[in-house]
Protein chains: 2
Amino acid sequence: MTLKNFKLAIAYDGTHFLGWQRQKESPTVQEAVETALSRVLAQPVVLHGSGRTDAGVHAAGQVASFLAKGNRTPQEILRGANSLLPLDIAILSVTEVSLDFHARFSAQGKLYSYDFQTGLTRDPLTHRFVWPVGPGLNWDLMRESFPYLLGEHDFAAFQSHGADVKSTVRTLTKLELTAPQPEIVRLSVTGTGFLRHMVRTLAGTLIEIAKGRQTPSDLTAILESRDRRKAGRMAPAQGLCLRRVYYEDWPF
Amino acid sequence: MTLKNFKLAIAYDGTHFLGWQRQKESPTVQEAVETALSRVLAQPVVLHGSGRTDAGVHAAGQVASFLAKGNRTPQEILRGANSLLPLDIAILSVTEVSLDFHARFSAQGKLYSYDFQTGLTRDPLTHRFVWPVGPGLNWDLMRESFPYLLGEHDFAAFQSHGADVKSTVRTLTKLELTAPQPEIVRLSVTGTGFLRHMVRTLAGTLIEIAKGRQTPSDLTAILESRDRRKAGRMAPAQGLCLRRVYYEDWPF
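Remember, predicted model here, so these are calculated numbers, not experimental data. (Residues numbered from 1 in each chain as written. Chains lettered and ligands numbered in written order. Predicted model: local features only at pLDDT ≥ 70, side-chain atom pairs only at ≥ 80, totals over all residues. Heavy atoms only, no water.)

## Quick look at the overall build of chain A
So, point 1. Helices and strands together make up the secondary structure of chain A, namely five helices and 10 strands.
So, point 2. Relative to the 2.2 N^0.38 estimate, which gives 18 Å for 252 residues, the radius of gyration of chain A is 19 Å and therefore close to what a compact globule would have.
So, point 3. Projected onto the principal axes, the alpha-carbon positions of chain A cover approximately 60 × 40 × 35 Å.
So, point 4. For chain A, buried positions account for 54% of its 252 residues.
So, point 5. Across chain A, contacts joining residues at least 24 apart in sequence account for 73% of those joining residues at least 6 apart.
So, point 6. With an accessible surface of roughly 11800 Å², chain A has 50% of that area assigned to carbon and sulfur atoms.
So, point 7. For chain A, the centre of its 29 positive side-chain charges and the centre of its 24 negative side-chain charges are spaced 5 Å apart. (Helix = DSSP H or I, 4+ residues; strand = E, 2+ residues; numbered from the N terminus. Rg over C-alpha atoms; globule rule 2.2 N^0.38 Å. Buried < 20%, exposed > 50% of the residue type's maximum accessible area, 1.4 Å probe, protein only. Contact = heavy atoms within 4.5 Å. Areas by Shrake-Rupley, 256 points an atom, 1.4 Å probe, with all protein chains shown as cover. Lys, Arg positive; Asp, Glu negative; His and termini not counted. Charge placed at Lys NZ, Arg CZ, Asp CG, Glu CD.)

Written out as structure tokens, the structure is:
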């Protein structure tokens, strides 16, 4: 029986999960999806995610891949797994891909969003997905910070301790501010790769700038310092969402 | 000590509540807000809501009023109560109003929204607030239905049994379809008053029309029949949100 390689796009509300990655404690998203797929395919399924997301972080387009035997079609896998998954996880698409595709190693870039809520009071209808920063911030200052961050830099100052990576040099290809809903400002960050907690530490530092406590040009010194203590505090998990993982469709 | 009258605007994620109205079983939104206000004001507080919302229905602008003694300012009440309330309820504003204001009896109209999710698969990031109806519906047919519903009609066919009201005549002043987010279609319904389950039954019937199972002009016969069985099935609670209650600001 031949082996097939499948690529999944997955969305989840991370509020009640300990993150993507399977670990000793439950629940994790990977474990939930693997359990559903194993039942549908009647064989043990091991998922390769494009990367981890932290506890409480959401995804609108996480990607994972897995190898499986048998004749189940992508559509059967999609419907079967979704019927078994809890409502806070959904498989958005299943496609058969060539055997050399690997969700992590084939990834060329990722798009994350970080949503700030700018109302006077908190909003019960969005609170699971935003960081309430209140009104009156200077978003122009945040926008003026983008040129200091775009391109290839050593982002060691924006990495949490305990991460074990060979290089802390990463490339940001696009930074953008939009307003997807009233009272929500969305920071979108596209790059070829990200260090541990990098987007949340960027978001926290950019909020310091939007509050006038640091200036956009301070970012040059922060980057050059390679010192985590120079950057701002890490923004909370619930504002972060992995929107998209790019493969052949990477536009940069 | 003089009595003051306060008006509250309240938002809530209704997912985990048995509705607005205090009752034997818990939790209800009214009970949660009354408990918080009673603590802040150190006196028993009885809220008058603009009207009930069903179990699982949300609010972005429910209004309630209450009488209280003492010198607490609106701002102190707002901050104090919000610090005690769970994250799925927030008081958005507190204002002192004249003693003759009553959240229910002074109301001149209400705006409800009903959100349909039109993606191929369900969406974990919005599922608490939408009815997933899938892609391919004819929204133009829904829009063409609006003239049959606007204005004063006997909406008995759109009322759930068990309601005890003198008249089933109501006036709809505005119907609108918008797209607040990708893959979400929002039906906004403004009127001077609503019967029990009326917006959800309208939403369910309009989806039958958008699916081509009934035609816009069928609405005339449904209204004239005054027969609940002629209208469509009631749409689920989680798509409904009480957006606004109008008082002196009623534009119609």
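## A short note on the interface of chain A and chain B
So, point 1. Contacts between chain A and chain B engage 26 residues on the former and 26 residues on the latter.
So, point 2. Of the roughly 1900 Å² buried where chain A meets chain B, counting both sides, 60% is carbon and sulfur surface.
So, point 3. Inspection of the chain A/chain B interface yields zero salt bridges.
So, point 4. Connecting chain A to chain B are eight residue pairs in polar contact (both at pLDDT 80 or more).
So, point 5. Looking at the side of chain A that touches chain B, the elements with two or more residues in it are β1 (3–12), β3 (58–69), α2 (74–84), β4 (89–97) and β8 (169–181) of chain A.
So, point 6. Sort the elements by how many residues they give to the side of chain A that touches chain B and β4(A) lands first, with four residues.
So, point 7. Here the residues of the side of chain A that touches chain B are counted per class, giving 17 nonpolar, five polar and four charged. (Buried area = accessible area lost by both parts, 1.4 Å probe. Salt bridge = Lys/Arg side-chain N within 4 Å of Asp/Glu carboxyl O. Polar contact = N/O pair within 3.5 Å; in protein donor to acceptor, adjacent residues only side chain to side chain. Nonpolar A, V, L, I, M, F, W, Y, C, P; charged D, E, K, R; others polar.)

## Side note on helix α3 (residues 139–149) of chain A
Residue and element names in this part refer to chain A.
So, point 1. Turning to α3, its buried residues number three or more, namely W139, M142, S145, F146 and L149. One side of α3 carries all its buried residues, which in axial view fall inside an arc of 125°.
So, point 2. Where α3 is buried, its residues meet β5 (109–117), β7 (151–154), β8, β9 (184–191), α4 (198–210) and α5 (218–225).
So, point 3. Sitting at the head of α3, N138 places a side-chain oxygen 3.1 Å from the backbone nitrogen of D140.
So, point 4. Of the residues flanking the end of α3, it is G151, one or two places downstream, whose phi is positive at about 95°. (Arc of directions from axis to C-beta.)

## Focus on the packing of α3(A) against α4(A)
Residue and element names in this part refer to chain A.
So, point 1. Contact geometry for α3 and α4: axes closest at 8 Å, N-to-C directions at 130°. In terms of orientation, α3 lies oblique with respect to α4. Between α3 and α4 lies a crossing of right-handed hand. Between α3 and α4, the contacting residues are W139, L141, M142, S145, F146 and L149 on the first element and L202, L206, I207, I209 and A210 on the second.
So, point 2. A breakdown of the residues in the contact of α3 with α4 according to their chemical character gives 10 nonpolar, one polar and no charged. (Axes fitted to C-alpha atoms, helices over the stretch in contact; angles between N-to-C directions. Parallel < 35°, antiparallel > 145°, perpendicular 65-115°, else oblique. Left-handed = near helix turned anticlockwise from the far one by under 90°.)

## Points about the domain arrangement of chain A
Residue and element names in this part refer to chain A.
So, point 1. Each assigned domain of chain A is listed here: domain 1 (3–97) and domain 2 (109–246).
So, point 2. Just the C-alpha atoms count here: the centres of domain 1 and domain 2 sit 27 Å apart.
So, point 3. Each partner contributes residues to the interface: domain 1 has 17 residues there, and domain 2 has 14 residues.
So, point 4. Roughly 1100 Å² is buried in total at the junction of domain 1 and domain 2, and carbon and sulfur atoms are behind 53% of that figure.
So, point 5. Three residues stand out in domain 1 for area buried against domain 2, namely D54, V57 and H58, and they jointly supply 38% of the buried area on that side.
So, point 6. Applying the counting criterion to the domain 1 and domain 2 interface returns two salt bridges. (Domains from an automatic or database assignment.)

## Quick notes on the side chain of S160(A)
All names here are of chain A.
So, point 1. Topologically, S160 is positioned in the loop between β7 and β8.
So, point 2. Here H197 takes part through its side chain, which lies 2.5 Å from a polar atom of the side chain of S160.
So, point 3. In this view, S160 contacts R196, H197 and M234; residues no more than four positions away in its chain are not counted.

## Overview of the environment of Q238(A)
Residue and element names in this part refer to chain A.
So, point 1. Summarising the element assignment, Q238 is placed in the loop between α5 and β10 (240–246).
So, point 2. Looking at Q238, the relative accessible area reads 25%, which means it is partly exposed.
So, point 3. When sequence neighbours within four positions are dropped, the list of residues in contact with Q238 reads G56, H58, H127, R128, F129, V130, W131 and P132.
So, point 4. Side-chain polar atoms of Q238 contact the backbone oxygen of V130, separated by 2.9 Å.

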